[in-house]
Amino acid sequence: MAATRATRRHIISYRHNSMFEHLQPYAGDPIFGLNDAFHRNTHPKKVNLTIGLYYDDQGRIPVLQSVETVQRRLADDPSPRVYLPMEGLAAYRQAVQRVVFGSDSQAVAQGRVATIQTLGGTGALKVGADFLHLAYPDSEVWISDPAWDNHHAIFGGAGFKTRSYPYYDPATKGLAFDAMMDCLRNLPSRTIVLLHPCCHNPTGVDLSHEQWGEVIALLQGRGLIPFLDIAYQGLGDGMEEDAYAVRTMVDAGLTVLVANSFSKNLSIYGERCGGLSVVCGSAQEADLVLGQLKSMVRRNYSSAPWHGGHIVAGVLNDELLHARWLKEVADMRVRMAEMRRQVHQQLATKLPGYDADYFVNQRGMFTYSGLSREQLLALRERHGVYIIDSGRIAVPGLNTGNVDHFTDALADVIGESAR
């Protein structure tokens, strides 16, 4: 018996030896790593402007009243939490279509939009990437420079070669529109172009309506495939206003994919609530596409979350709760705009001659500061102000209690560099 156990230990040890040691270590996510460093910092006035979460003026992640009402209803609901269909909850999918495309959308009314419930906006991008690789495996995906790093990872992981088109102009802290257009007009037909309809991540720099008109004409003329990532609808200029590019593309007759997220504008990050919509040329094509999207979901995660799906459907399909939600999103948007205004105003006094207009010209949750690596390190080490290495500032981390310290810190490090 002892010999048998010894033999078994030898076999088990042998089988477990060196099976995965050839793999490269995961470097970790730099934003989450910096967030951990912030929590270890002991500075009494430290400010966390790293992670893309919305905080209220007390520095708390809010539970929206509209969401809380639905959650209480769900807690009292004794029905079983069964698997949702592969495409998701029907009421959820209908709500996605109304929010993204508008209640008067002809494409929706004609059955030309295939929509599924997904695991957040990230899941929508992943399913969309897999679907596009099935349809156009030889195409490339072009992503803005700079971009949310995960865009390249998701599309690269689906088998695409990814490239970057010019987007941000460091000299003006605005849009490099001419360079962007020069790049896009040279792309071959069926190239996939990832675009942000509003609140560009990471820069906060958005296109004007006139610029969108030029982009749409170019996309149509070149036969390019737009994939729109709208993760912050309502947090830029308004729920309807932020969907301008989506709806204008649909009205122009483009085939377009749209990934949307409710993480930020419903403050339900961990519920993983997003949607993927594909606008097609006919209802028959939309049915075909929906079937393929379901196939992608089945081989990936089978079905979307029950609880999150019912939260979204409960808020968006109830007239009173929907109205309350719109007011809550407006309050979030106004608070961030006020923080931008205060930073701009204070820097005008504390740092005369410094052009801080980008704080009020950019939109949404992020501002691209153009701060150097040395300035970012000085902010962390001397002032406990944490901004990620790209210089992207998460605006919701600012509030009336820390904005003075933030502008003092900026004035110190930027002023030092100018001396």
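What comes next concerns the included structure.

Considering the packing of helix α8 (residues 177–184) against helix α9 (residues 209–222)
Move 1: α9 packs onto α8 with a crossing angle of 10 degrees between their chain directions and a minimal axis gap of 11 Å. The orientation of α8 relative to α9 falls into the category roughly parallel. Of the residues in α9, those touching α8 at Phe177, Met180, Met181 and Leu184 are Gln211, Glu214, Val215, Leu218 and Arg222.
Move 2: Here the residues of the contact of α8 with α9 sort into six nonpolar, one polar and two charged.

Description of a nonpolar patch on the surface
Move 1: Side chains of Met19, Phe20 and Leu23 sit close together on the surface and give an oily, nonpolar patch of about 360 Å² of accessible area.
Move 2: On the secondary structure map, leucine 23 appears in the loop between α1 (2–15) and α2 (30–40).

Quick notes on the pairing of strand β9 (residues 256–261)
Move 1: Most of β9 sits inside the fold, with six of its six residues counted as buried.
Move 2: Burial of the side chains of β9 extends over both faces: Val256, Val258 and Asn260 are buried on one face and Leu257, Ala259 and Ser261 on the other.
Move 3: Pairing of strand β8 (residues 225–230) with β9, which is carried by four bridges, proceeds in the parallel orientation. Pairing of aspartate 229 across the sheet is with alanine 259, part of β9.
Move 4: Following the chain from β8 across helix α10 (residues 244–251) to the adjacent parallel β9, one finds a crossover that is right-handed.
Move 5: Bridge count between β9 and strand β10 (residues 273–279): six bridges; the pairing is antiparallel. Bridging across to β10, valine 256 finds its partner in valine 279.

Quick word on helix α6 (residues 120–135)
Move 1: Taking 1.5 Å of rise per residue, the 16 residues of α6 would be expected to cover 22 Å, and the 23 Å separating its terminal C-alpha atoms lies within 8% of that figure.
Move 2: Among the residues of α6, those classed as buried are Gly120, Gly121, Gly123, Ala124, Leu125, Val127, Gly128, Ala129, Asp130, Phe131 and Leu132.

Details of the layout of surface pockets
Move 1: Considered as a void within the structure, the largest pocket measures approximately 940 Å³ in volume.
Move 2: Considering the residues around the largest pocket, the lining is formed by 35 residues, among which Asp29, Ile31, Trp148, Asn201 and Arg392 are closest to the centre.
Move 3: Among the elements of the structure, α2, α6, α7 (149–157) and α15 (373–383) are those that each provide at least two residues to the lining of the largest pocket.
Move 4: Among the residues forming the lining of the largest pocket, the class breakdown is 16 nonpolar, ten polar and nine charged.

What about the nonpolar core?
Move 1: Residues Leu195, Leu266 and Phe406 are the most contacted members of the largest nonpolar core, which totals 100 residues.
Move 2: Ranked by the residues each element gives to this core, the list is headed by helix α13 (residues 319–350), at eight residues.
Move 3: Excluding its chain neighbours within four sequence positions, the residues that come into contact with leucine 266 are Leu64, Val67, Val312, Val315, Leu316 and Trp325.
Move 4: Ranked by size, the runner-up nonpolar core spans 31 residues in total, among them Leu132, Ile143, Phe155 and Val278.

How each quantity is defined
- Residues numbered from 1 in each chain as written.
- Predicted model: local features only at pLDDT ≥ 70, side-chain atom pairs only at ≥ 80, totals over all residues.
- Heavy atoms only, no water.
- Axes fitted to C-alpha atoms, helices over the stretch in contact; angles between N-to-C directions.
- Helix = DSSP H or I, 4+ residues; strand = E, 2+ residues; numbered from the N terminus.
- Parallel < 35°, antiparallel > 145°, perpendicular 65-115°, else oblique.
- Contact = heavy atoms within 4.5 Å.
- Nonpolar A, V, L, I, M, F, W, Y, C, P; charged D, E, K, R; others polar.
- Patch = residues over 30% accessible without salt bridge, like charges linked within 9 Å, V, L, I, M, F, W, Y side chains within 5 Å.
- Areas by Shrake-Rupley, 256 points an atom, 1.4 Å probe, with all protein chains shown as cover.
- Salt bridge = Lys/Arg side-chain N within 4 Å of Asp/Glu carboxyl O.
- Buried < 20%, exposed > 50% of the residue type's maximum accessible area, 1.4 Å probe, protein only.
- Pairing = 2+ DSSP bridges.
- Right-handed = clockwise from strand over helix to strand, strands pointing away.
- Expected span 1.5 Å × (residues − 1).
- 1 Å grid on protein atoms, 1.4 Å probe; cavity = no way out; pocket = protein on both sides within 12 Å on 5 of 7 lines; lining within 4 Å.
- Points joined across faces, edges and corners; volume = space filled by probe spheres on them.
- Core = buried A, V, L, I, M, F, W, Y, C linked by side-chain atoms within 4.5 Å.

It is worth stressing that arrangement in space is one thing and function is another; only the former is reported here.
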